[in-house]
Amino acid sequence: MRMYDIIAKKRDGMELTGDEIEFWVKGYTNGTIPDYQISALLMAIFLKGMSKREIVDLTMSMVESGEILDLSNISGIKVDKHSTGGVGDKTTLVLGPLVASAGVPVAKMSGRGLGHTGGTIDKLESIPGFNTQIDQKKFIDCVNKVGIAIVGQTGNLVPADKKIYALRDVTATVNNIPLIASSIMSKKIAAGSDAILLDVKTGSGAFMKDVDTAFELAREMVEIGMGVGKDVIAVISDMDQPLGYAVGNSLEVMEAIDTLKGTGPQDLTDLCLTLGAYMLILSKKVHSVEEGKVILNEKLQSGEALQKLSQLIESQGGAKAVINNYNLFPQAKYIVDVHSATEGYISHIDSEKIGIASLVSGAGRVTKESSIDLSAGIVLNKKLGDNVAKNEALATIYTNNESKINEIAGLILTSYRITGEPVQANNLIYGVVDKNGMQKF
Ligand code: URA
């Protein structure tokens, strides 16, 4: 087989065989096929697309490029959850303990943040002592003991995706549904769970800016699941404004704790109840979303979900006292309100810009090597549809870098649009895709 022929075949719009896909994925991962040939192929795929069969073959070739996590020592149906990423998305911190308290084993591998979106691992590391780098044996022991563990990637999972994604990033081939769907699903399949719940975000803070493209990505990922025998449900949810109010690592953990105490933001609470209900369906504990929500609401009200977070923190070496004493989190030196110049109703929030404001405050990474300030970030005071008075605070900046305060304030002010007319806030959930098809709400 020659790489030249594979590139030419895709350039001419033809379907690659499973063997051809395996050949280039293997060859690129082990270094026998050079960057310039894979760059050409990725661009041909970008322009000509891939059939459903090719997408499944690409996903599985990537899965087989590395280790597949063995979770068979954990009893019960393991349901993984993945969000396509957003600003202020602290869902895993609420959802993990919530569904674990309802008896679903949560063995979750999460990532670090890069650019304007945050990562669960960074957020957890703002809890003093919390160890996200435990080995696979301890990871499985923690899930068996307390029902939940959340760690950074262990083992050599999907090395092909790491190399291919890095190349896509510099060849303008990231934004392509077959490549995104196979990239995400390869990592989820290699992470070893029995079923997968996907939270596909859409809006100004998301990868998928429009709702139709988000549905298309969701459908592709559900179909990959069907092609490899995994039960997958995708929920399409709003990211046209940050989720909740807090953006930034320790600030988001505090908001997640508030949510588990029953005093969190409404959008975050509602989203977690819905996503959690679908996870209960995937784990075959309930038959309907309504039934799932009743159980999860009980777990919130009774304090069992909060207790599960406390057990998670303790089993991974963290200070569970943070739950009742937020002063134990890293604290920012400068806390500055940003005031509205006009009165009216909030008609738009550029979530990506809020994410960038948080990054400039110190909460995010510009490159993989950057260190982050766990205390930094932004807390919004106003969300879509809210009324704001002149000189009222739109948001509060938390930072240790005094010289950046004006820049951050400028980013926040230009993120908000304010009108004189009352504004209807967006739907939180646009629909669901599962093996039975697409349901738009
Ligand atoms: N997230 C991923 O993991 N892969 C992509 O290709 C895009 C977003």
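Residues numbered from 1 in each chain as written. Predicted model: local features only at pLDDT ≥ 70, side-chain atom pairs only at ≥ 80, totals over all residues. Heavy atoms only, no water.

Peer 1: An account of the environment of Glu67 is requested, with residue identities and associated values reported.
Peer 2: By the secondary structure assignment, Glu67 is in the loop between helix H4 (52–63) and strand S1 (79–83). Along the backbone, Glu67 and Met254 are 187 residues apart, and their C-alpha atoms lie at a distance of 35 Å. Setting aside residues up to four positions removed in sequence, Glu67 forms contacts with Gln136, Gly155, Asn156, Leu157 and Ala190. There is a polar contact of 3.2 Å between the side chain of Glu67 and the side chain of Gln136. (Helix = DSSP H or I, 4+ residues; strand = E, 2+ residues; numbered from the N terminus. Contact = heavy atoms within 4.5 Å. Polar contact = N/O pair within 3.5 Å; in protein donor to acceptor, adjacent residues only side chain to side chain.)

Peer 1: Requested: an account of the nonpolar core, with residues and values cited.
Peer 2: Of all hydrophobic cores here, the largest spans 75 residues; its most connected members are Ile127, Leu197, Ile354, Ile378, Ile397, Ile412 and Tyr416. Among the elements that make up this core, the one with the highest residue count is helix H12 (residues 266–282) (10 residues). Not counting residues up to four positions away in its chain, the partners in contact with Ile354 are Val87, Pro242, Val247, Ile349, Ile378, Leu380, Ile412, Ser415 and Tyr416. Counting 59 residues, the second-largest nonpolar core is a separate cluster that includes Ala149, Leu198, Phe215 and Val433. (Core = buried A, V, L, I, M, F, W, Y, C linked by side-chain atoms within 4.5 Å. Buried < 20%, exposed > 50% of the residue type's maximum accessible area, 1.4 Å probe, protein only.)

Peer 1: Quick rundown of the pairing of strand S8 (residues 344–349)? Include the residues and the values.
Peer 2: Of the pairings in the sheet, the one linking S8 to strand S10 (residues 387–388) comprises two bridges and is antiparallel in character. Across the sheet, the residue bridging to Gly344 is Val388, located in S10. Summarising the sheet, S8 and strand S12 (residues 416–419) pair through four bridges and their orientation is antiparallel. Bridging across to S12, Tyr345 finds its partner in Thr419. (Pairing = 2+ DSSP bridges.)

Peer 1: So what about the site of the ligand? Which residues, and what values?
Peer 2: Around the ligand, the neighbouring residues are Tyr165, Arg168, Ile180, Ser183, Ile184, Lys187 and Phe207. Interatomic distance of 2.7 Å between a side-chain N/O atom of Ser183 and a nitrogen atom of the ligand. One of the side-chain N or O atoms of Lys187 is found 2.5 Å from an oxygen atom in the ligand. A total of 230 Å² of accessible area belongs to the ligand in isolation, and the protein chains cover 86% of it. The element best represented in the shell around the ligand is helix H9 (residues 177–190), accounting for four residues. The class makeup of the residues in the shell around the ligand is four nonpolar, one polar and two charged. (Near = heavy atom within 4 Å. Areas by Shrake-Rupley, 256 points an atom, 1.4 Å probe, with all protein chains shown as cover. Nonpolar A, V, L, I, M, F, W, Y, C, P; charged D, E, K, R; others polar.)

Peer 1: Describe unusual backbone geometry, naming the residues involved and giving the relevant values.
Peer 2: Despite not being glycine, Val158 shows a phi value in the positive range, around 45°. You can see Val158 is positioned in the loop between strand S3 (148–152) and helix H8 (159–170). If you check the backbone angles, Asn391 has positive phi at about 75° while not being a glycine. Structurally, Asn391 can be placed in the loop between S10 and strand S11 (393–399).

Peer 1: Outline the sheet that holds S10, listing residues and values.
Peer 2: If you trace the three strands from one edge of the open sheet to the other, you get S10-S8-S12, paired in antiparallel fashion. In the strand order of this sheet, the two ends are held by S10 and S12, each with one partner. Sheet contacts for helix H16 (residues 405–415): S8 and S12; angle to S12, the most-contacted strand, approximately 45°. (Axes fitted to C-alpha atoms, helices over the stretch in contact; angles between N-to-C directions.)

Geometric descriptors of this kind do not, in isolation, establish any biological role.
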